[in-house]
Amino acid sequence: ELGDWYYGVDQIENTPINPSESRKEIINIAYSSLGFTLYVKSDGTVWGSGTNSGRQLGDGSNVQRHGLVKTNGLDGITIVGVCAGSDHSAALSST
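A few points on the structure. Only a predicted model underlies this, so the values are computations on that prediction, with no experimental measurement involved.

## Topic: the pattern of salt bridges
Move 1: One pass over the structure, following the stated rule, counts three salt bridges.
Move 2: The shortest N-O distance in the salt bridge between Lys41 and Glu25 comes to 3.5 Å. On the criterion of sequence distance, the pair formed by Lys41 in strand β3 (residues 36-41) and Glu25 in the loop between α1 (19-23) and β2 (26-31) is long-range, its members being 16 residues apart.
Move 3: Relative accessible area serves as the criterion here: at 9%, Lys41 is assigned to the buried category.
Move 4: On the basis of relative accessible area, Glu25 is assigned to the partly exposed category, the value being 31%.

Put into structure tokens, the structure is as follows:
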């Protein structure tokens, strides 16, 4: 599982992103049929957007995200790949 999970308040956050800035940094993408997406950026960080009711994005909340949010709990680890399943998220490190 990705990140630092805890129970929060259900809500929806609408945060716009600039796709042209983010797109050139993304080296791996994983889509889930549940409506969330995980991204690995070239610096090895993991970001997510979409449905987050099961805390799939690993940002420490259950808030639906329409913009990219950084996954918590992976500082100092270089991630090279991610997968997004129906009830889980996982990351592959370079070590």
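## Thoughts on the environment of Gln64
Move 1: Relative to the helices and strands, Gln64 is located in strand β5 (residues 64-70).
Move 2: Separated by 28 residues in the primary sequence, Gln64 and Phe36 have C-alpha atoms spaced 8.9 Å apart.

## A closer look at the side chain of Ser61
Move 1: With respect to the secondary-structure elements, Ser61 resides in the loop between β4 (46-50) and β5.
Move 2: For Ser61, a relative accessible area of 9% gives the class buried.
Move 3: There is a polar contact of 3.2 Å between the side chain of Ser61 and the backbone nitrogen of Val63.

Each value, and the rule that gives it
- Residues numbered from 1 in each chain as written.
- Predicted model: local features only at pLDDT ≥ 70, side-chain atom pairs only at ≥ 80, totals over all residues.
- Heavy atoms only, no water.
- Salt bridge = Lys/Arg side-chain N within 4 Å of Asp/Glu carboxyl O.
- Helix = DSSP H or I, 4+ residues; strand = E, 2+ residues; numbered from the N terminus.
- Buried < 20%, exposed > 50% of the residue type's maximum accessible area, 1.4 Å probe, protein only.
- Polar contact = N/O pair within 3.5 Å; in protein donor to acceptor, adjacent residues only side chain to side chain.

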